[in-house]
Structures are given as C-alpha cells and as structure tokens.
Amino acid sequence: MKRLVYYLRLWRGYQRRGLVEMTQYPADTVILVISLILREAAGFIGVLAIAYAAGGLGGWGVYEICLMFSMCALIESLSQTFFDNVWGISYLVHEGRMDVFLVRPAPVFLQVLGDVLHYPALISMTIYGGVMVYAMVKLGIGVDIGLLLFLAEYLVCGIAVNTGIYTIFNCLNFWIVQGEDVAVLVQTCREFAKYPIGAFPGVIRTVFTYVLPFGFVGYYPAAYLLGKTGNWVLAGLPLAAAAVALAAAVFWNLGCRAYDSTGT
C-alpha cells in the first residue's frame, strides 16, 4: 500500500512539472494547441467531406461518423496528454538517457511516461468531447447509468489499446536503429480506425480487430452505442486491452533487458 501511495505521489509530481513546463513557454503552448486543432480538424473535415459526397460510408450516416471519429479522437487526445512519451523511447535508448531512469528507485516505465506530458492535447479532448455529445443528441442516444459505465470502460480500455500498441512498436528501438519508423507506419495505419472498418475488405477488418485492434478505439464502441453490433463489445474491450497491455509489458521487459546503454 505504501508503495502504491509513493507511485501516486510520484505521478502527481510529474503532472505538476508538466504544468510548469507548459506555462514556462506560453507562445510554444499556443502554437502547439493551434497545430493540434488544425491537424484534427483537417482529418475530421476530410472524413465528413467523403461522407457527404457518398451519402454515408459503409452504411454509416454523417452523425454516426461524427460519433465514431470523436470517440477515436478522445482516446488519441488523452493518450497524447499522459502517455505520449512512449514515442520518446527511441531518443532515450539511442542517447543513453535510459541510464538515468534505471538507477532511480521507481518503475522505469512510470518515469518514461512522466518525463513528458502534453497538456495542450486536452484542448482537442474538450473539442471532440463536445462533438461526441452533439452527435449523441442528434442520434437520440439517451444518457443513463449504463451509458456512463460503458463510456468509462471504453476510455480506460481504449487508452490501454492505443498506448499499448504504440509501446510495442516503439520498443523495437531496443533492437534496431530505426524502430521508430515502424511505429510511425503503425500510427499511419491507425487512420483506418477513423472510418467504418466494416466498409473495408475482410482482411483489413481482421487486422484491425485481432492484429492491431484499433477497431476497439472507435469503430466497435461506436457501433455498440448505435446498435450496429452486439453486447460482445462489452467483453471484447477489456479482452483486447488486456491482450495488448500484456504484449506491451513483455516487449518492454525484454527491451529493458536488452538495453546496454550507448557503449561509450
């Protein structure tokens, strides 16, 4: 129990430092916020333009696509805020910065996550939270205890899936020099998750359900809310999250064992 309290206090300290860093350079923060909003808006407008032109995508209407896209963006924003430093593994490994974390009396992965926090990404979360609520109102999705519990499950499991997949492929940097390039390729493939994957060929649906389960970040949860799929999603979310988290833990532990600093 004392150890858990210590870890929570440590994480709170990292959060405080992140806030200080954000306010230290306000101009950089404003530029980052604007770039995040423009990036997400560009993707969102692109999806909507296709949906309007085609009269929908894969049997999904415009507001249904808004719901799915906003749910996907919510997960990405939260992951980027608190867990984005898995993308810093390449730098930590190649520059030998991991040495510092290994000698400290705290879990190395916790230190890696806390080393960089992107609070400006919460702006995107707020915007897409509003888009999600608006879409739900338009679609007539009522709010009740069951919905709130499902959304809580979805947020936790979606973040675990999203962060876990990125952790797995960024851990390749422990063994290969350009491991981050593979992770970037996977991140590019994630763009498929912003579309109804049911409209794609079966092989793509299989990949984003069982191999890279980005389908659980947006498509399947939105389909459940819309009544387009069954209650299996309630069990599928934690199963997918547990599988990805376990695989990420294995890759991380093997990578830490293989790490031998810079050799200088």
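Basis of the calculations
Residues numbered from 1 in each chain as written. Predicted model: local features only at pLDDT ≥ 70, side-chain atom pairs only at ≥ 80, totals over all residues. Heavy atoms only, no water. Helix = DSSP H or I, 4+ residues; strand = E, 2+ residues; numbered from the N terminus. Rg over C-alpha atoms; globule rule 2.2 N^0.38 Å. Buried < 20%, exposed > 50% of the residue type's maximum accessible area, 1.4 Å probe, protein only. Contact = heavy atoms within 4.5 Å. Areas by Shrake-Rupley, 256 points an atom, 1.4 Å probe, with all protein chains shown as cover. Lys, Arg positive; Asp, Glu negative; His and termini not counted. Charge placed at Lys NZ, Arg CZ, Asp CG, Glu CD. Phe/Tyr/Trp six-rings, centres within 6.5 Å; stacked < 30°, edge-to-face > 60°. Lys NZ or Arg CZ within 6 Å of the ring centre and 35° of its normal. Core = buried A, V, L, I, M, F, W, Y, C linked by side-chain atoms within 4.5 Å. Axes fitted to C-alpha atoms, helices over the stretch in contact; angles between N-to-C directions. Parallel < 35°, antiparallel > 145°, perpendicular 65-115°, else oblique. Nonpolar A, V, L, I, M, F, W, Y, C, P; charged D, E, K, R; others polar.

Enquirer: Go over the overall build of the chain with me, naming the residues and quoting the values.
Expert: Summing up its helical and strand segments, the chain has twelve helices and zero strands in all. In the chain, the order of α-helices and β-strands from amino to carboxyl end is α-α-α-α-α-α-α-α-α-α-α-α. Rg of the C-alpha trace for the chain: 19 Å, near the compact-globule value of 18 Å for 264 residues, within the 12% margin. Relative to its 264 residues, the chain shows a buried fraction of 44%. Long-range pairs, those at least 24 residues apart, make up 77% of the contacts in the chain between residues at least 6 apart in sequence. When the accessible area of the chain is evaluated, it comes to approximately 13,200 Å², of which 68% is carbon and sulfur surface. For the chain, the separation between the mean place of its 15 positive charges and that of its 15 negative charges on side chains is 9 Å.

Enquirer: Account for the packing of aromatic side chains, with residues named and values stated.
Expert: Per the stated rule, a full pass over the model turns up 15 aromatic pairs. When the centroid spacing of 6.1 Å and the interplanar angle of 65° are considered together, the rings of Tyr63 and Tyr134 count as edge-to-face. Here the residue Tyr63 occupies a position in helix H3 (residues 62–82), and Tyr134 occupies one in helix H7 (residues 121–139), the gap between them amounting to 71 residues. On the basis of relative accessible area, Tyr63 is assigned to the partly exposed category, the value being 33%. The class of Tyr134 is partly exposed, set by a relative accessible area of 46%. Between the aromatic rings of Tyr220 and Trp232, the centroid separation amounts to 5.2 Å while the plane-to-plane angle is 70°, which identifies the pairing as edge-to-face. Here Trp232 lies in helix H12 (residues 232–258) and Tyr220 lies in helix H11 (residues 219–225), a separation of twelve residues in the sequence. Ring-pair connections join several aromatic residues into one group, and the members of that group are Trp60, Phe216, Tyr219, Tyr220 and Trp232. Here the basic side chain of Lys228 rests over the ring of Trp60, its NZ or CZ set 5.4 Å away from the ring centre.

Enquirer: With reference to specific residues and values, describe the nonpolar core.
Expert: Of all hydrophobic cores here, the largest spans 68 residues; its most connected members are Leu67, Met98, Phe174, Phe214, Leu225 and Trp252. Counting residues per element, this core draws most heavily on H3, which supplies twelve residues. Setting aside anything within four residues of it in sequence, one finds Trp252 in contact with Ile89, Met98, Val108, Phe109, Val112, Cys171 and Phe174.

Enquirer: Any details on the packing of helix H8 (residues 145–170) against helix H9 (residues 179–189)? Residues and values, ideally.
Expert: Following both chains from N to C, one finds H8 and H9 inclined at 150°, their axes separated by 8 Å at the closest point. The angle between H8 and H9 places the two elements in the roughly antiparallel class. In this structure, H8 contributes Ile165, Tyr166, Phe169 and Asn170 to the contact, and H9 contributes Gly179, Glu180, Val182, Ala183, Val186 and Gln187. Here the contact of H8 with H9 is built from residues that sort into six nonpolar, three polar and one charged.

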